[in-house]
Amino acid sequence: MINEKYKTIMDSFELPNGVKLKNRVVMAPMTNYSSNADGTVSDTEVAYYIRRSKGVSMVITACTYVTANGQGFPGEFAGHKDEMIPSLQRLATSIKSEGAKAILQIFHGGRQVPANLVPNGDVVSASNVPSEGADKPVPRALTTEEVESIILDFGQATRRAIEAGYDGVEIHGANTYLIQQFFSPHSNRRNDRFGGSLEKRMTFPLAVVDEVQRIVKEHAKEPFIVGYRFSPEEPETPGITMADTLVLIDALANKNLDYLHVSLGDFWSTPRRGVDDNRSRMEIIQEKVGDRVPVIGVGSIYSSEDARKALTSGVPLIALGRELLIDPDWVQKIEQGKDDEIVTQLDTSMQEQLVIPDPLWQAILRNPGWVPGV
Ligand SMILES: Cc1cc2nc3c(=O)[nH]c(=O)nc-3n(C[C@H](O)[C@H](O)[C@H](O)COP(=O)(O)O)c2cc1C
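None of the values given here were measured: they were computed from a predicted structure.

> Which parts of the structure should I look at to understand the sheet that holds strand 3 (residues 25-27)?
One closed barrel holds the eight strands; their spatial order is 3-4-5-8-9-10-11-12, and the pairing between them is parallel. Averaged over all pairs of adjacent strands, the angle between strand axes in this sheet comes to 30°, irrespective of strand direction. In this sheet, strand 9 (residues 225-230) lies alongside strand 8 (residues 168-173) in parallel orientation, the contact comprising six bridges. Bridge assignment links H172 to a residue of strand 9, and that residue is R229. Here helix 4 (residues 144-163) sits on the sheet in contact with strand 5 (101-107) and strand 8, set at roughly 160° to strand 5. Along the sheet face, helix 9 (residues 281-289) touches strand 9, strand 10 (259-262) and strand 11 (295-298) and points at about 180° away from the line of strand 11.

See the structure below:
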């Protein structure tokens, strides 16, 4: 029997489009570096997802690139051409067969892509501002026509997701990748309609949302979930501040999205600058959007108590990333009143039982506390 204290975690929840989630726990998107060299989803990757799709209400996949020059990681599966639909479908079917909704995270890495992963080493971004780090190439600023074409690519990846049987897509506007690079005054120094003022820097992110929604309207035969993920702040000056983010999410909250997903390593972190408010970023964001769109909170939620507390912030949904690597039975343990059996430290002798593919396992062992891009 479920522990009375943790009942709220298992409450069902209805998204704005009417899709019902069986509980409040979502698997956070996690890149696993394990796809096949041809960009298809691999057997080990499928097994890894199956192991984690029984308890949670929704699985957000690792990001997939929508354009050939958007691949951010070795072993990232591809979503940029129709040939990939059977591969995408295999992953959707595996997740759904275990009972979770399958959400494909769609992405372009922009200036964060390693030059050796993209055609002709042509690393592109909003502007030619390189990111930190000696190994980072100077990106080429996209032409206006190329920007418009990438917006369409997000739409086409969404069409593939629909055809492959996903329940939805998540637009990856977080973690310093291309969409964030357009919103950021640090990486966007353009002076066409995609850059300049805060308003203009929102043009690309909002155009991606519009195009994805247009494609959904045209192609989806059933309610299809569209979510948007963002990172609230950047450390650089200039850089995205909490004040900037509140303007962006205000606009996003009026877009009929099914959820907004905050990207944070620590659920309770507080703003760096931009607002005179000492509450957590999550609470400030939740207050701003109110009941216009559901918010998914995330960041270092490990125990059942962490999850219960996170829900008291007012966000209706929480995502677990690293904890679902450590304990794939997390939700089932809560469901069965065995919350005291939840494991919160990685047992490094358990790779096989945890069904974690080698490249991801090696990455975790190299840096156990690691959260890329946050
Ligand atoms: C190995 C790893 C890969 C990740 N890959 C992605 C990704 O592809 N897309 C994304 O939006 N976030 C990615 N993240 C961030 C997670 O979604 C999540 O926001 C972060 O891990 C904090 O949640 P946690 O404390 O529950 O792990 C990744 C995190 C990890 C640890």
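> Explain the site of the ligand to me, please; I cannot follow it from the model alone.
Around the ligand there are 20 residues in total, and P29, T31, R229, S300 and R322 lie nearest to it. Taking P29, its main chain carries an N or O atom lying 2.8 Å from an oxygen atom of the ligand. Between the ligand and S300 there is a distance of 2.6 Å, counted from an oxygen atom to a backbone nitrogen or oxygen. For the ligand, whose free accessible area comes to 600 Å², the fraction covered by protein is 98%. Here the residues of the shell around the ligand sort into eleven nonpolar, seven polar and two charged.

> How should I be thinking about the pairing of strand 11 in this particular structure?
Regular strands place side chains that alternate from one sheet face to the opposite one. Of the two faces of strand 11, both are covered, the one formed by V295 and G297 as well as the one formed by I296 and V298. Note: strand 10 against strand 11, two bridges, orientation parallel. Looking at strand 11, one finds that L260 is bridged to V295. Examined bridge by bridge, strand 11 and strand 12 (residues 317-320) share three bridges and lie parallel to one another. If you follow V298 over to strand 12, its bridge partner there is A319.

Calculation notes
Residues numbered from 1 in each chain as written. Predicted model: local features only at pLDDT ≥ 70, side-chain atom pairs only at ≥ 80, totals over all residues. Heavy atoms only, no water. Pairing = 2+ DSSP bridges. Helix = DSSP H or I, 4+ residues; strand = E, 2+ residues; numbered from the N terminus. Axes fitted to C-alpha atoms, helices over the stretch in contact; angles between N-to-C directions. Contact = heavy atoms within 4.5 Å. Near = heavy atom within 4 Å. Polar contact = N/O pair within 3.5 Å; in protein donor to acceptor, adjacent residues only side chain to side chain. Areas by Shrake-Rupley, 256 points an atom, 1.4 Å probe, with all protein chains shown as cover. Nonpolar A, V, L, I, M, F, W, Y, C, P; charged D, E, K, R; others polar. Buried < 20%, exposed > 50% of the residue type's maximum accessible area, 1.4 Å probe, protein only.

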